[in-house]
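# An overview of the molecular structure
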Amino acid sequence: MSNKQTTTSSECPMHKKNSDPSSSQKSKCPNSSESNSEKTCPIVHSGDALSPDNQMPKLSQFPMPGQKIPLPTSRVISSIPKARSSDNWEYPSPQQFYNALVRKGWDTPEESVETMVDIHNFLNEEAWNEILKWERMKK
């Protein structure tokens, strides 16, 4: 049994009523980082186009404001097939990976991003190989 204490709906921030309905909080970006602007908000707004494959917006290849080191924009093709296509997934470029981390408010050392992407891609490939092994065992 868990010792977790349950939260009543009045204490839950998701159920908390906004006391001022004219408040501008609704239209503001929920990311309160002062270094981020509406342009880099991690929340997908209604005008942003989402890929039907993964429900992600198109990832920018442009450097972020204040970025000191140019990062590669080349992408690696994964061995993982897409469900509704004969294509395989593409991993993000180091620039896209960096942009995503900055957009989410992470303090990211630019000189480490290429290694981070290599680790990300390796872990995804190894996880996919484990799925394939498990599927072969279940046949």
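So, how was this worked out
Residues numbered from 1 in each chain as written. Predicted model: local features only at pLDDT ≥ 70, side-chain atom pairs only at ≥ 80, totals over all residues. Heavy atoms only, no water. Helix = DSSP H or I, 4+ residues; strand = E, 2+ residues; numbered from the N terminus. Buried < 20%, exposed > 50% of the residue type's maximum accessible area, 1.4 Å probe, protein only. Contact = heavy atoms within 4.5 Å. Patch = residues over 30% accessible without salt bridge, like charges linked within 9 Å, V, L, I, M, F, W, Y side chains within 5 Å. Areas by Shrake-Rupley, 256 points an atom, 1.4 Å probe, with all protein chains shown as cover. Salt bridge = Lys/Arg side-chain N within 4 Å of Asp/Glu carboxyl O.

## Quick notes on the overall build of the chain
Counting secondary structure elements, the chain contains two helices and two strands. Ordering the α and β elements of the chain from the N terminus gives β-β-α-α. Relative to its full complement of 139 residues, the chain shows a buried share of 22%. Relative to all contacts within the chain whose residues are 6 or more apart in sequence, the contacts with residues 24 or more apart total 50%.

## Things to note about a nonpolar patch on the surface
A surface patch of nonpolar side chains, amounting to about 320 Å² of accessible area, comprises Ile-119, Phe-122 and Leu-123. For Ile-119, a relative accessible area of 46% gives the class partly exposed.

## Here's the deal with helix H1 (residues 94-103)
With ten of ten residues buried, H1 lies mostly within the body of the structure. Three or more residues of H1 are buried, namely Pro-94, Gln-95, Gln-96, Phe-97, Tyr-98, Asn-99, Ala-100, Leu-101, Val-102 and Arg-103. If you follow the buried residues of H1, they end up packed against helix H2 (113-137). Looking one or two residues beyond H1, the residue adopting positive phi is Gly-105, at roughly 90°.

## Considerations on the pattern of salt bridges
Here the structure, examined in full by the defined rule, presents two salt bridges. A salt bridge links Arg-75 to Glu-90, with the nearest nitrogen and oxygen atoms 3.9 Å apart. Pair noted here: Arg-75 is in the segment before strand S1 (77-81) and Glu-90 is in strand S2 (residues 88-90), with a separation of 15 residues, a long-range link. Among the residues examined, Glu-90 registers a relative accessible area of 37% and is labelled partly exposed. Between Lys-133 and Glu-130 there is a salt bridge; the shortest N-O distance is 2.8 Å.

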